[in-house]
Amino acid sequence: MYRVTEYIIYNPIFHYDRMVKTMGIFFFVSFFVLLTSCSSISPKSSRVPTAPEKDFKAELPKKTQEFATPEKIEAVSPHEAYQYRLGPGDFVNILVWHRPELSQENIVVSPDGFIAVPRIGSLNVINRTSDEVQNMITLKLETLYIKPEVTVRVHEFHNNKAFVLGRVSKPGVINFPGKGTLLEALALAGGLPIDQTKENALTKCAIIRGNDTVIWIDLQDLLKNGNMALNSPIRNNDVIYIPEASDELVYVMGEVFTPGAIQIRGGMNVLKAIMLAGGINKQANPEKVFIIRQQSLKGDVIKVDLRNLLEHGDFSQNFSLLSNDIVFVSPSGMAKFNFALEKILPSLNVLSIGTTSAETFGIMAKLRKQLWGQTGFVNTTTTTGTTITTGTSTTSGTSGQ
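I will try to describe carefully the structure that is included in this document. It should be emphasised that the depicted structure is a prediction, and the values quoted were computed from it without experimental measurement.

Focus on the pattern of salt bridges
Then, number 1: Scanning all chains against the criterion turns up six salt bridges.
Then, number 2: Residue Arg-293 pairs with Asp-325 through a salt bridge whose shortest N-O separation is 2.7 Å. Of this pair, Arg-293 sits in strand β15 (residues 284-293) while Asp-325 is found in the loop between α8 (306-312) and β17 (326-331), placing the two residues 32 residues apart along the sequence.
Then, number 3: The class of Asp-325 is buried, set by a relative accessible area of 1%.

Observations concerning helix α4 (residues 130-141)
Then, number 1: Its twelve residues place the ends of α4 17 Å apart at the C-alpha level, agreeing with the 16 Å of an ideal helix rising 1.5 Å per residue.
Then, number 2: Considered for burial, the residues of α4 that qualify are Val-133, Ile-137, Thr-138 and Leu-141. Buried residues of α4 fall within an arc of 135 degrees about the axis and therefore sit on the same side.
Then, number 3: Those residues of α4 that are buried lie in contact with β1 (91-96), β3 (114-117), β4 (121-124) and β5 (150-156).

Structural notes on the sheet that holds β15
Then, number 1: With mixed pairing, five strands are arranged side by side in an open sheet as β14-β13-β17-β15-β16. Only two strands of the sheet have a single neighbouring strand rather than two, namely β14 (260-263) and β16 (300-304). If you compare each strand with its neighbour and ignore which way they point, the axes differ by 25 degrees on average.

Side note on the nonpolar core
Then, number 1: Formed by 22 residues in total, the largest nonpolar core has its most connected members in Val-164, Leu-182, Ile-217, Leu-219, Ile-240 and Ile-242.
Then, number 2: When residues of this core are traced back to their parent elements, those giving at least two are β6 (161-166), α5 (182-188), β9 (204-209), β10 (213-218), α6 (219-223) and β12 (238-242).
Then, number 3: The leading source of residues in this core is α5, at three residues.
Then, number 4: Residues contacting Leu-182, with those up to four places away along its chain left out, are Cys-205, Ile-207, Ile-217, Leu-219, Leu-222, Leu-230, Asn-231, Ser-232, Ile-234 and Ile-240.

Reading the values: rules and limits
Residues numbered from 1 in each chain as written. Predicted model: local features only at pLDDT ≥ 70, side-chain atom pairs only at ≥ 80, totals over all residues. Heavy atoms only, no water. Salt bridge = Lys/Arg side-chain N within 4 Å of Asp/Glu carboxyl O. Helix = DSSP H or I, 4+ residues; strand = E, 2+ residues; numbered from the N terminus. Buried < 20%, exposed > 50% of the residue type's maximum accessible area, 1.4 Å probe, protein only. Expected span 1.5 Å × (residues − 1). Arc of directions from axis to C-beta. Contact = heavy atoms within 4.5 Å. Pairing = 2+ DSSP bridges. Axes fitted to C-alpha atoms, helices over the stretch in contact; angles between N-to-C directions. Core = buried A, V, L, I, M, F, W, Y, C linked by side-chain atoms within 4.5 Å.

Fair warning: the whole summary comes from geometry, so function is off the table for now.
This is the structure:
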């Protein structure tokens, strides 16, 4: 019995197997205790009735505006011959030949559209041409004079205007000297503000006409490509609105160098958004790039194979991006493994600290004596490796003795 016990105690294979099992159990228990001891705040979800105006609500996606085609612009543009029509603020000259007492200059059209004419009184001239006003005055004077010759001339035009709002240098009311167009309106409003960069160039604008017509114009196609079919005529009292560039963003997340929100510029697509975010890093999986687009409360997810796009020039997946789109670059399998390893390594350091402290207080020496019958201690001060000293002899800790 003694020899069997002695063989079991001093058998190197038995020692190694038992050591591996013991260290495995010790590592598992230590790792489990480490995870369970990490305390964190964990709020509990509770839904209590609240007032309707304070209840949580999901934000619905913004309506996507479609740019007007040249055919649509042509359909909403006036086709009749242009004739200026009088309105509030215009200055009118009335001349009656050989009748200076009836002639008058710089008559202002009142806000309600009336002018005062000698011997006639007030006339409603709003939205009438100068020829129509001339015929009206002639008919009224014919009851008093024989064949009066009347001439009506507009001295100052103030009813050929548009309202330019938004991201321009001089927003406000502009007056056209003739038939107004979109490019003329933008030029009269000063164009892009001076403090803006070239990257924030005008991209789109809306022409609001009346109470039920909104026309969105692609300014990039009009200005950069010279598509003059988009240079829409401007009617009186049209509102031209140029939205801020910061109002439209796409969000790039995942394995890129600088994730975050990016302003939409002309021709924004998947590849351009990723490059503006610094490009993909070494942890990225280029075969799994996703576009998340919110159509309603439930969004759509589209997968893009960026590797195939770059290696084979397959630009069919280089989709155009819309406002509030999310581009997510997935991590590779090795990146997930490295992340898990980084979380485990601090636990290994804790085990190293624990065994060192136990060695200092002699706990590990007693444990070795009970398990393997070895005596001595581990010298942790050597730089070439740990050394186990047993009595007067010294053996390397990696030799399995």
